[in-house]
Amino acid sequence: MGGTLDDAWHFATILHRLGGARHSAKVADVNQVNSTSRWHPRLIEAAIALHDNKLDVAERLLKPHLKEDPFDAKAIRMLAELAWRIGRMHDAEHLLRRALEIAPGFTAARAQLALVLGRMGRPAEALPLL
């Protein structure tokens, strides 16, 4: 971590969780996920590739990024979307659960997990996520 605003939100989240301040931890967590400084140029390229349905390009960008930063919940969610698009629902579920472990307040990942679970025929698990 290099001293960015994201890092500050990340540490605030950890400190609030350790202190038992669940609501404050969630607020800090959401602010970290929404922080624009977290959008690495490679992620922007991967998002464009996903949009253009160039899944091989997106994968080539996301995997090295996640090797460098395995805690980037946005990148994990994008890789989950790629897995979902190629029909690897169990991989998508696993990745989305990981993204939510890292960033429990990441509503886009939560909604996507609900969709994946619904498509897997597990609506009872999906409903509480919504």
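Residues numbered from 1 in each chain as written. Predicted model: local features only at pLDDT ≥ 70, side-chain atom pairs only at ≥ 80, totals over all residues. Heavy atoms only, no water.

**Some thoughts on the overall build of the protein chain**
- Scanning the protein chain for helices and strands turns up eight helices and zero strands.
- When the helices and strands of the protein chain are read in sequence order from the N terminus, they spell out α-α-α-α-α-α-α-α.
- Counting over 130 residues, the protein chain shows a buried share of 42%.
- Within the protein chain, contacts between residues separated by at least 24 positions form 48% of all contacts whose residues are at least 6 apart in sequence.
- Surface exposure of the protein chain reaches about 7600 Å², of which carbon and sulfur atoms provide 60%. (Helix = DSSP H or I, 4+ residues; strand = E, 2+ residues; numbered from the N terminus. Buried < 20%, exposed > 50% of the residue type's maximum accessible area, 1.4 Å probe, protein only. Contact = heavy atoms within 4.5 Å. Areas by Shrake-Rupley, 256 points an atom, 1.4 Å probe, with all protein chains shown as cover.)

**Describing helix α3 (residues 41–51)**
- Those residues of α3 that sit buried are Arg42, Leu43, Ala46, Ala49 and Leu50. End-on view of α3: buried residues confined to an arc of 120 degrees, all on one side of the axis. For α3, exposure combined with an orientation more than 90 degrees from the buried face picks out Pro41 and His51.
- In this structure, the buried residues of α3 make contact with α4 (55–68) and α5 (73–85).
- Note on α3: the residue one or two positions beyond its end, Asn53, has a positive phi of about 60 degrees. (Arc of directions from axis to C-beta.)

**A word on the pattern of salt bridges**
- Tallying each qualifying case throughout the model produces eleven salt bridges.
- Where Glu68 meets Arg42, a salt bridge forms, and the shortest distance between an N and an O atom there is 2.8 Å. Here the residue Glu68 occupies a position in helix α4, and Arg42 occupies one in helix α3, the gap between them amounting to 26 residues.
- Residue Glu68 is classed as exposed on the basis of its relative accessible area of 59%.
- Residue class for Arg42 comes out buried when judged on its relative accessible area of 17%. (Salt bridge = Lys/Arg side-chain N within 4 Å of Asp/Glu carboxyl O.)

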